[in-house]
Structure formats: structure tokens, C-alpha cells
Number of protein chains: 2
Amino acid sequence: MSFSKNQTKVINKLRQKKYRMKEGLFVAEGIKVVKELLASSFELDTLFVTEAASENFTSYKVEIVNEVDLKKLSSLKSPNGVLALFKIPVEKALNSSGLVLVLDEVNDPGNLGTIIRLCDWFGIQQLVCSVNTVDCYNEKVVQSTMGSLSRVAINYVDLLPFLEKCASPMYIADMVGENVYEAKLPKEAVLIMGNEANGISDAVRDYVTNSLSIPRFGVIQATESLNVATATSILLSEFRRRV
Amino acid sequence: MSFSKNQTKVINKLRQKKYRMKEGLFVAEGIKVVKELLASSFELDTLFVTEAASENFTSYKVEIVNEVDLKKLSSLKSPNGVLALFKIPVEKALNSSGLVLVLDEVNDPGNLGTIIRLCDWFGIQQLVCSVNTVDCYNEKVVQSTMGSLSRVAINYVDLLPFLEKCASPMYIADMVGENVYEAKLPKEAVLIMGNEANGISDAVRDYVTNSLSIPRFGVIQATESLNVATATSILLSEFRRRV
């Protein structure tokens with residue numbers, strides 16, 4: 001048993017965002033991640049498993065594939081027996097109450113995956129991404145979210161029109177902002193994190209007046225900046241520790 | 001001009017820790033990272049640059065190589081013109097005063113790189129790694145530290161004998177520890193972070209009595225744990241914000 005020619009073609013194409021959009025499908029791999037997605041509101045399209053891994057998925061209709069074929073199609077170094085196609089859900093209506101996290105062109109899939117996991121941990125129910133932020137159904141993002149993808153609402157929007165409609169105070173993360181340890185932070189707010197190399201875009205920077213920074217304690221003061229995912233973790237922690 | 005047969009062999013071998021130890025060399029790539037290391041106390045062994053990138057290194061003795069050959073040897077997807085061999089320095093005497101971060105079998109090179117950058121940011125001058133923690137001269141670690149590698153003292157030791165000699169209070173990061181937001185934290189302390197999958201080892205857990213946890217705010221409470229690098233960022237931030 002093996003993948004059909006057409007299945008192979010589709011799965012390979014799903015590496016690219018435009019085909020994911022066209023087919024309305026994304027790929028997830030690994031027993032842990034696939035199980036979490038199966039238990040969520042995501043709708044399964046096809047579940048490919050090896051004979052050896054099939055005992056983990058007895059309550060699902062599966063297509064048995066052999067390990068060599070799975071390895072060829074997998075994007076993991078050591079595929080562990082399952083590759084699933086899930087349907088990309090329709091974006092839900094955006095909810096801008098509570099604490100909302102906004103990403104202004106975050107490019108790295110690993111960073112986005114880590115940030116989605118952080119949203120889940122800190123109970124951030126709405127993540128808003130600029131349209132030029134990496135796609136959350138990118139396979140590397142899916143793998144690194146470890147299932148959190150199903151528990152965080154993610155919308156891709158033009159940031160300025162969205163921000164113009166927000167009623168909560170807005171904050172950008174910046175190198176020269178107010179010391180976050182000393183800042184008074186409201187319960188309802190919009191926190192905006194910028195691009196890995198360039199930070200916040202000029203348009204957003206012009207629109208948002210509050211900015212927050214994480215103090216640097218190094219003696220030499222040479223570290224250029226924190227990674228966007230670690231900076232996000234510290235800032236979300238600061239908002240939550242005050243509630 | 002190209003790499004000699006012997007250079008090619010050495011550079012490829014340096015992917016493995018045992019050859020790095022034997023040769024006393026590690027590989028760094030990319031203009032930014034190599035420049036930071038050149039400006040640091042690391043001692044250069046050989047600097048390979050392409051003709052196009054050579055203008056960045058006019059004050060150094062370089063070996064010009066062609067782009068195709070560099071690409072073959074590079075571990076980067078898009079090598080940007082420079083590959084350098086640096087000498088692995090002798091480990092300095094361990095300094096256990098101040099705030100010391102200890103890693104108990106952190107395996108992922110990206111996590112270690114991020115943690116080294118965090119140490120640099122938060123002014124942690126001593127990072128202590130268990131002998132089974134990933135090697136800090138692993139090429140992926142070197143790339144992800146973005147130069148911070150030169151500013152943080154890193155020692156690999158047997159953790160228990162080290163901890164037995166520490167005078168400062170010790171804390172493990174754990175899912176069921178004291179809420180870090182409410183904990184009184186001393187200025188001088190040893191903070192111990194565990195393995196990505198298994199957390200703190202039993203031997204260390206038996207020895208250290210204080211534990212700290214980061215509260216979870218999600219409604220569903222399903223996120224299993226924070227990534228070790230993001231958890232480290234929040235805990236270091238908590239220690240520093242009280243100073």
C-alpha cells in the first residue's frame with residue numbers, strides 16, 4: 001500500500017501557501033500533534049498511518065502506507081508513522097476584547113509556532129497577524145505549536161484598519177519604550193510585536209503611541225535584541241502577572 | 001580558488017562534537033556572526049570568504065573561496081559569503097556567585113542558542129551545562145547565539161558535585177513549583193532548567209528543594225508546557241525585575 005500519484009502530488013504542493021489556500025488543506029505530522037488536532041475542532045480530511053502506528057488511531061478511518069513512502073513525503077527528519085491532512089477552517093469573526101496579541105510581519109515559522117503556544121499558555125484567545133506574517137498552516141508552524149493551533153483564534157488582516165477599530169489601549173514592543181517592569185498595564189489591551197530584523201513597521205509605529213521595552217541587564221550591553229518569541233513571552237507574562 | 005581536500009574534510013568533520021574536541025575548532029558562518037566573533041576574545045584559525053564578501057574583512061588574513069564550494073560546505077540554506085574556523089577556548093574557572101543559570105540536559109541546539117542570548121541580555125555571566133546538554137560549539141548553537149557566545153562563560157560539568165558546592169539558594173523550574181510571580185527571589189541564586197521532554201532529572205530534583213512555576217492562564221489548560229527557552233526568559237526576567 002502506498003500513496004497514490006495524486007496524493008503524493010497534493011501533499012508536496014501543500015508545502016506552498018497558495019496551494020493550501022486553493023485546496024483548503026494543511027499537513028500535520030507526528031502522533032502527538034495529529035492526536036491533538038483530531039481531538040480538536042479541526043476537521044480531518046485524510047489520515048495516513050503506517051501499520052506500526054495504526055494502533056494509535058483505531059477509532060479513525062485510516063489509509064495504511066508504508067514507512068519508506070511516508071519518509072519520502074515527510075518533512076520531519078524522523079517521521080513517526082502518521083501524516084494527516086486537515087481542512088483549513090474559515091476564519092472566525094475577530095474578537096478584539098481582552099488581551100489581544102498582534103504580529104507585524106513575523107517571518108520565522110518556529111517563532112510563530114512558539115508564539116501560538118504562548119498564547120495558549122497565557123490564555124490569549126485572539127492572535128491577529130499582518131497579512132505578511134508567515135502562514136499559521138505552514139507545516140513548520142503546525143509542528144511547533146504542538147496542538148495549540150486548535151485553541152487560539154488566528155486572523156490575518158491589514159493591521160491599520162484593524163487597529164483603527166480597536167477600543168483598547170495599544171502597545172508596541174520596542175527597544176526604547178517604557179520599562180515594562182514599571183509600566184501600569186491594563187487588563188484589556190493590544191500588544192504588537194514586530195518583524196525579526198526590522199521590528200515594528202513605520203505605519204504601525206506612527207499610529208500607536210505607547211511602547212514597552214524589556215530592560216537589558218548585561219554589563220557589555222551588546223546583545224542587539226531578544227528573539228521575538230522570547231520577548232513575547234516576557235511581555236505576555238508581564239500583562240498577566242498584574243491581573 | 002577553492003577549499004583544499006583536507007580543509008573540506010576537516011570542516012565536514014567539525015559537524016561532530018568529538019572532532020571539534022579533537023581539533024579544538026568550531027565553525028561559524030554568516031557575516032554578522034563571524035564579525036561578532038572576530039571582535040570578541042575568540043581566536044581565529046582560518047577565515048574563508050568569497051570575493052564578493054571579502055570587503056567586509058579587509059583587516060584580516062583571508063582565504064578566498066568560490067561561492068559554489070562554500071555552498072557545498074555550508075550548513076546554511078543561503079550562505080552569505082563567509083565561513084570561519086575559530087579555536088575552542090579552554091573553559092574558564094567556574095564562577096558560582098551572582099545569578100547562575102544551570103541546564104540539566106537541554107538537547108535542542110536552537111534552545112541552547114536562545115538561552116545563551118538570554119543570558120547575555122539579562123547579564124547572566126555564568127551558564128553551567130550538564131555534560132549531556134548539547135554542545136555550545138554545535139554549529140546550530142553558534143548560529144543562533146548571534147555573537148552572544150563570546151560574552152557568556154559556559155562550563156560543562158557533572159551537575160550534582162557542582163550543586164553540592166554552591167552556596168546560593170537553588171531553584172528548579174517545574175510545573176508544580178511555587179508561583180514565580182509571588183515568590184521572593186534572592187539576588188544570588190542558581191536557577192535550573194530541565195530537558196525539553198522530561199524536565200529536571202531525578203537526581204537534581206532529589207537534591208534541590210525550591211521549585212518555581214509559571215502560572216498558566218489558558219481557559220482550557222491543555223498546553224502541556226512552555227518551551228524551555230521561553231520558560232527561561234520568563235524566569236530570568238522575574239529574577240532580574242526584583243533587583
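Basis of the calculations
Residues numbered from 1 in each chain as written. Chains lettered and ligands numbered in written order. Predicted model: local features only at pLDDT ≥ 70, side-chain atom pairs only at ≥ 80, totals over all residues. Heavy atoms only, no water. Contact = heavy atoms within 4.5 Å. Buried area = accessible area lost by both parts, 1.4 Å probe. Polar contact = N/O pair within 3.5 Å; in protein donor to acceptor, adjacent residues only side chain to side chain. Helix = DSSP H or I, 4+ residues; strand = E, 2+ residues; numbered from the N terminus. Pairing = 2+ DSSP bridges. Axes fitted to C-alpha atoms, helices over the stretch in contact; angles between N-to-C directions. Core = buried A, V, L, I, M, F, W, Y, C linked by side-chain atoms within 4.5 Å. Buried < 20%, exposed > 50% of the residue type's maximum accessible area, 1.4 Å probe, protein only. Parallel < 35°, antiparallel > 145°, perpendicular 65-115°, else oblique. Left-handed = near helix turned anticlockwise from the far one by under 90°. Nonpolar A, V, L, I, M, F, W, Y, C, P; charged D, E, K, R; others polar. Domains from an automatic or database assignment. Expected span 1.5 Å × (residues − 1). Phe/Tyr/Trp six-rings, centres within 6.5 Å; stacked < 30°, edge-to-face > 60°. Lys NZ or Arg CZ within 6 Å of the ring centre and 35° of its normal. Disulfide = S-S within 2.5 Å. Salt bridge = Lys/Arg side-chain N within 4 Å of Asp/Glu carboxyl O.

Trainee: Can you explain the interface of chain A and chain B? Please cite residues and give values.
Mentor: Interface size is commonly expressed as the accessible surface area that is lost when the partners come together. Facing the 38 residues of chain A at the interface are 38 residues of chain B. For the pair chain A and chain B, the two sides together bury roughly 3,200 Å², of which 58% comes from carbon and sulfur. At the junction of chain A with chain B, the criterion picks out nine residue pairs in polar contact (both at pLDDT 80 or more). For the side of chain A that touches chain B, the secondary structure elements donating two or more residues are helix H3 (31-38), helix H5 (109-121) and helix H9 (228-241) of chain A. Among the elements that take part in the side of chain A that touches chain B, H9 of chain A stands out by supplying eight residues, more than any other.

Trainee: Help me get a handle on the sheet that holds strand S7 (residues 153-157) of chain A, residues and values and all.
Mentor: Residue and element names in this part refer to chain A. Spatially, S7-S6-S5-S9-S8-S10 is the arrangement adopted by the six strands of the open sheet, whose pairing is parallel. Each having just a single partner strand, S7 and strand S10 (210-213) make up the two edges of the open sheet. Sheet twist, expressed as the average angle between the axes of neighbouring strands with direction ignored, equals 35°. Relative to S7, strand S6 (residues 126-130) is paired through five bridges, and the arrangement is parallel. Residue pairing across strands places Cys129 opposite Tyr156, the latter belonging to S7.

Trainee: Residues and numbers for the nonpolar core, please.
Mentor: Formed by 114 residues in total, the largest nonpolar core has its most connected members in Leu101, Leu127 and Ile214 of chain A together with Leu101, Leu127 and Ile214 of chain B. Setting aside anything within four residues of it in sequence, one finds Leu127 of chain A in contact with Leu101, Leu103, Leu112, Ile115, Ile116, Cys119, Val152, Ala153, Ile154 and Asn155 of chain A.

Trainee: Quick one: what's the story with the packing of H5 of chain A against H9 of chain A, residue by residue and with numbers?
Mentor: All names here are of chain A. The contact between H5 and H9 brings their axes to 9 Å, and the two run at 15°. In terms of axis orientation, H5 runs roughly parallel to H9. As H5 packs across H9, the resulting crossing turns out to be right-handed. On H9, the residues touching Asn111, Thr114, Ile115 and Leu118 of H5 are Val228, Ala229, Thr232, Ser233 and Leu236. Here the contact of H5 with H9 is built from residues that sort into five nonpolar, four polar and no charged.

Trainee: Requested: an account of the domain arrangement of chain A, with residues and values cited.
Mentor: All names here are of chain A. Here chain A is described as being made up of domain 1 (5-87) and domain 2 (99-241). A separation of 30 Å is found between the C-alpha centroids of domain 1 and domain 2. In this complex, domain 1 contributes 16 residues to the contact, which on the side of domain 2 involves 12 residues. Regarding the contact of domain 1 and domain 2, the summed buried area is about 1,300 Å², with carbon and sulfur atoms giving 57% of it. Considering only the surface of domain 1 that becomes buried against domain 2, Arg20, Val33 and Glu36 emerge as the three largest contributors, covering 32% of it.

Trainee: Provide a residue-level description of H9 of chain A, including the pertinent values.
Mentor: Residues and elements named next belong to chain A. Spanning 14 residues, H9 covers 20 Å between terminal C-alpha atoms, matching the ideal 20 Å at 1.5 Å per step. The buried fraction of H9 is high, at 13 of 14 residues. Between the side-chain oxygen at the start of H9 and the backbone nitrogen of Ala229 there is a gap of 2.6 Å, and the oxygen is on Asn227.

Trainee: Describe the packing of aromatic side chains, with residues and values.
Mentor: All names here are of chain A. Evaluated as defined, the whole model comprises 18 aromatic pairs over all chains. Relative to Phe86, the ring of Phe26 lies with its centre 5.8 Å away and its plane at 25°, an arrangement referred to as stacked. Of the two residues, Phe26 sits in strand S1 (residues 25-29) while Phe86 sits in strand S4 (residues 82-87), which places them 60 residues apart along the sequence. Each member of the pair, Phe26 as well as Phe86, carries the same accessibility label: buried. Judged by centre distance (6.5 Å) and plane angle (35°), the ring pair of Tyr181 and Phe217 falls under tilted. On the criterion of sequence distance, the pair formed by Tyr181 in the loop between strand S8 (170-179) and strand S9 (189-193) and Phe217 in the loop between S10 and H9 is long-range, its members being 36 residues apart. Among the residues examined, Tyr181 registers a relative accessible area of 13% and is labelled buried. Clustering of aromatic rings is evident, with ring pairs tying together Phe26, Phe42, Phe86 and Tyr137. Here the basic side chain of Lys17 rests over the ring of Tyr156, its NZ or CZ set 5.8 Å away from the ring centre.

Trainee: Tell me about the state of the cysteines, and please be specific about residues and values.
Mentor: If you walk through the whole model with that rule in mind, you get zero disulfides over all chains. Considering cysteine sulfurs only, Cys129 of chain A is the nearest to Cys166 of chain A, which forms no disulfide, with 14 Å between them. Residue classification places Cys166 of chain A among the buried positions, given a relative accessible area of 10%. Of all cysteine sulfurs in the structure, the one in Cys129 of chain B sits closest to Cys136 of chain B, which takes part in no disulfide; the separation is 6.6 Å.

Trainee: Give me the lowdown on the pattern of salt bridges, citing residues and values where you can.
Mentor: Residue and element names in this part refer to chain A. Taken as a whole, this structure holds 20 salt bridges over all chains when the rule is applied. A salt bridge links Arg205 to Asp174; the nearest nitrogen and oxygen atoms lie 3.0 Å apart. Taken together, the residues span a long stretch of sequence, with Arg205 in helix H8 (residues 202-207) and Asp174 in strand S8 at a distance of 31 residues. The class for Arg205 is partly exposed, based on a relative accessible area of 31%. Judged by its relative accessible area of 18%, Asp174 is buried.

Trainee: Which residues make up the environment of Asn56 of chain B, and what values do they have?
Mentor: Residue and element names in this part refer to chain B. As for its placement among the helices and strands, Asn56 is situated in the loop between strand S2 (44-50) and strand S3 (63-65). The class of Asn56 is partly exposed, set by a relative accessible area of 28%. Between the alpha carbons of Asn56 and Val82 there is a distance of 9.6 Å; along the sequence they are 26 residues apart. In this structure, Asn56 is in contact with Ile31 and Lys35, ignoring residues within four places of it in sequence.

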